[in-house]
Amino acid sequence: MTRRGRAAAIGLVVAGLIGGLVTPAAAATPTPDTAATDPVRAAEYWLDDYGIRDAWRTTRGEGSRIAIIDTGIGRGPVEFAGAVVGGTDVSDIGAPDGRLPVGAVDGNHGSWVASLAAARGTGPDTGMIGVAPAAELLSVSIGVGNSSPVPFAEQIAEAVRWSVDNGADIINLSLTTNTPDWDPSWDDAFLYAFDNDVVVVVAAGNRGTGTTRVGAPATIPGVLAVGGVDPAGRASVEASTQGITIGVAAPSENLLGISADGRVVSWNGTSGAAPIVAGVAALVRSAYPDLDAANVINRIISTARPVPGVAVPDPLYGYGLIDAAAALTATVPEVTQNPLGDLREWVRLYRRAESTGAPEPQPTPNTVEVPPLPPADAVGAPGSPFLPTAQTLLYGTLPLGAVTVGAILVALGVTAAVRRVRLASRTPSR
């Protein structure tokens, strides 16, 4: 079933949101060659450098829906007016519509992420605009660390399912657990998303916050994990990481974001690279409404621009830098399966007993027949310890007697010989 045929209303390491340093956007320097005069719009260098403005000639994301599973999208900013069409809270500390920022430290994170994906701007050429400014947003608020009484793994599983049931075409997860393994409850949740034709986009993580290699959910087969690059297109040292599951790379430095209170800030991190790619996925889904999730992902990675001198896939860049225009216009052969892996096959191989409910196989013992031991010698009546036995006579007394007799005979022979020598040597008396 295609996405158009779906009904829309139907123990873990503590995870971390992976945004970076935040500064006021007033410090941003406009791109010199841009035609825009608004300083905020001019600072969005990725719109021109990654083919996004060119892609808008085809579509701006109409008909696509992106679920932002994060700390909640703020209600106030005008840039979100008309963009957020639904939401929920899975943390038990947010608002029912998912629009109350969750977390004292990371409360603005969800708004920053959403603004990169689908902000509307403040006018045709002013204010921050997202990659897919006509796409719809779902706000699913979660709590990170100790800010929620609900276990984090449970929150993510519930958030993914809710997003699918409420018509999401794309799910964005700008978070990491900093460990390659994931809770078994995520198997079913992510399979539910894949089985319902949803593209799942995940941030790879940042070295600057301690993620030296990608962790779950970026390690789950079938998700589109996103690495980060600086404005020159080089792998970011602090605002990205590495790993063999990275699919593509996108800008992760000098990004803009709309805070929950409407302030525009500059920030870094693959938390921002992921929604840029999620926006590109929304453009592809809008341009090709009958294309399934596997082929949406295939278009994005197949049209990515390879980095000169770097073989693909690469642990820093994946298949290369995203190119939104090429993803919409290039001729790309269709595939029959997700090029980034098959979660169901992974579950079959690594969680076979758990997923089927079958008991674990037990070793079957092999019966070995051992021949019986020969019968023991009969025990005779005990004899006197002072009398010789047959063994002592045979192996002790007789040999000892023979040696003694031989020694005596030798001694007698020697003595007789000595006497003869002495007698022969005497001189007769006169």
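Residues numbered from 1 in each chain as written. Predicted model: local features only at pLDDT ≥ 70, side-chain atom pairs only at ≥ 80, totals over all residues. Heavy atoms only, no water.

Okay, the packing of aromatic side chains next. According to the stated counting rule, one finds six aromatic pairs in the structure shown. Between tryptophan 186 and phenylalanine 190 the ring centres are 6.0 Å apart and the planes differ by 40°, which places this aromatic pair in the tilted class. One end of the pair, tryptophan 186, and the other, phenylalanine 190, are both in helix α6 (residues 185-195), four residues apart, so they sit about a helical turn from each other. Neither residue differs from the other here; tryptophan 186 and phenylalanine 190 are each classed as buried. Relative to tyrosine 350, the ring of tryptophan 346 lies with its centre 5.1 Å away and its plane at 35°, an arrangement referred to as tilted. (Phe/Tyr/Trp six-rings, centres within 6.5 Å; stacked < 30°, edge-to-face > 60°. Helix = DSSP H or I, 4+ residues; strand = E, 2+ residues; numbered from the N terminus. Buried < 20%, exposed > 50% of the residue type's maximum accessible area, 1.4 Å probe, protein only.)

Next up on the list: the environment of alanine 260. With respect to the secondary-structure elements, alanine 260 resides in the loop between β11 (255-258) and β12 (264-267). Assessed through its relative accessible area of 17%, alanine 260 is described here as buried. Apart from residues no more than four positions distant in its own chain, alanine 260 is found in contact with Gly74, Gly76, Pro77, Pro101, Asn108 and Ser111. (Contact = heavy atoms within 4.5 Å.)

Note: most residues except glycine have negative phi, and most peptide bonds are trans. In this structure, the amide linkage connecting alanine 216 to the following residue, proline 217, adopts the cis form with an omega of 10°. Within the secondary structure layout, proline 217 lies in the loop between β8 (199-203) and β9 (224-229). Across the junction of valine 312 and proline 313, the peptide omega takes the value -5°, indicating a cis bond. You can see proline 313 is positioned in the loop between α8 (293-302) and α9 (324-329).

The subject of this paragraph is the pairing of β9. Along β9, six of the six residues are buried, which leaves the element largely enclosed by surrounding structure. Covered by surrounding structure in β9 are Leu224, Val226 and Gly228 together with Ala225, Gly227 and Val229, the residues of both alternating faces. Sheet topology places β8 next to β9; three bridges connect them, and they run parallel. From the neighbouring strand, alanine 203 faces β9, where its bridge partner is valine 226. (Pairing = 2+ DSSP bridges.)

Turning next to the confidence of the model for the protein chain. The pLDDT averaged across the protein chain works out to 86; a share of 80% of its residues lies at or above 70. In the model, residues 1-14 has pLDDT below 50 throughout and makes 37 contacts with residues more than four positions away in sequence or in other chains. Counting interchain partners and residues more than four positions distant, the pLDDT-below-50 stretch residues 26-36 has 11 contacts. (pLDDT = per-residue confidence, 0-100.)

As a further point, take the sheet that holds strand β6 (residues 170-173). Strand order in the open sheet formed by seven strands is β4-β5-β3-β6-β8-β9-β10, and the pairing between neighbours is parallel. With partners counted over all chains shown, the strands left at the sheet margins are β4 (84-89) and β10 (246-251), one partner each. This sheet shows a mean twist of 25° between the axes of neighbouring strands, independent of strand direction. Relative to the sheet, helix α4 (residues 109-118) contacts β3 (65-70), β5 (136-141) and β6, its axis offset from that of β3 by approximately 160°. (Axes fitted to C-alpha atoms, helices over the stretch in contact; angles between N-to-C directions.)

Along β8, five of the five residues are buried, which leaves the element largely enclosed by surrounding structure. Because side chains alternate across β8, one face comprises the buried residues Val199, Val201 and Ala203, and the other comprises Val200 and Val202, equally buried. As judged from the four bridges shared by β6 and β8, these two strands associate in the parallel manner. Bridged to leucine 173 within β8 is valine 202.

The next subject is the packing of helix α7 (residues 270-287) against α8. Packing of α7 against α8 brings their axes to within 10 Å, and their N-to-C directions diverge by 120°. Taken as axis vectors, α7 and α8 run oblique relative to one another. Viewed along their axes, α7 and α8 form a crossing whose handedness is right-handed. Of the residues in α8, those in contact with Val280, Ala281, Val284 and Arg285 of α7 are Ala293, Val296, Arg299 and Ile300. Counted by class, the contact of α7 with α8 contains six nonpolar, no polar and two charged residues. (Parallel < 35°, antiparallel > 145°, perpendicular 65-115°, else oblique. Left-handed = near helix turned anticlockwise from the far one by under 90°. Nonpolar A, V, L, I, M, F, W, Y, C, P; charged D, E, K, R; others polar.)

Moving on, we get to the pattern of salt bridges. Applying the stated rule across the entire model yields 11 salt bridges. Of the charged contacts, one joins arginine 351 and aspartate 187 as a salt bridge, the two residues approaching to 2.4 Å between their closest N and O atoms. Note that arginine 351 is positioned in the loop between α10 (343-350) and α11 (352-356) and aspartate 187 in helix α6, a separation of 164 residues in sequence. Each member of the pair, arginine 351 as well as aspartate 187, is classed as buried. The closest approach of N and O atoms between aspartate 230 and arginine 234, which form a salt bridge, is 3.3 Å. Accessibility expressed as a relative area gives 10% for aspartate 230, which makes it buried. Using a relative accessible area of 52% as the deciding quantity, one classes arginine 234 as exposed. (Salt bridge = Lys/Arg side-chain N within 4 Å of Asp/Glu carboxyl O.)

A word on the side chain of arginine 351. With a relative accessible area of 13%, arginine 351 lands in the buried category. Here tryptophan 182 takes part through its backbone oxygen, which lies 3.2 Å from a polar atom of the side chain of arginine 351. Of note is the side chain of arginine 351, whose polar atom sits 2.4 Å from the side chain of aspartate 187. Beyond its immediate sequence surroundings of up to four residues, arginine 351 is in contact with Trp182, Asp183, Pro184, Asp187 and Trp346. (Polar contact = N/O pair within 3.5 Å; in protein donor to acceptor, adjacent residues only side chain to side chain.)

Let us look at the nonpolar core. Core analysis: the biggest nonpolar cluster contains 68 residues, and Trp46, Ile66, Leu137, Val248, Ile300 and Ile322 have the highest contact counts within it. Element by element, the count of residues in this core is highest for α7, at 10 residues. The contacts of leucine 137, once residues within four sequence positions are left out, are Ile66, Ile68, Ile73, Ala83, Val84, Val85, Gly86, Ala114 and Ala118. In terms of nonpolar packing, the next biggest core, distinct from the first, is built from 38 residues, Val140, Ala157, Phe190 and Ala204 among them. (Core = buried A, V, L, I, M, F, W, Y, C linked by side-chain atoms within 4.5 Å.)

This brings us to a nonpolar patch on the surface. A cluster of nonpolar side chains, Val405, Ile408, Leu409 and Leu412, forms an exposed patch at the surface whose accessible area comes to about 400 Å². Assignment of secondary structure puts isoleucine 408 in helix α12 (residues 390-424). Classification of isoleucine 408 by relative accessible area gives partly exposed; the value is 47%. (Patch = residues over 30% accessible without salt bridge, like charges linked within 9 Å, V, L, I, M, F, W, Y side chains within 5 Å. Areas by Shrake-Rupley, 256 points an atom, 1.4 Å probe, with all protein chains shown as cover.)

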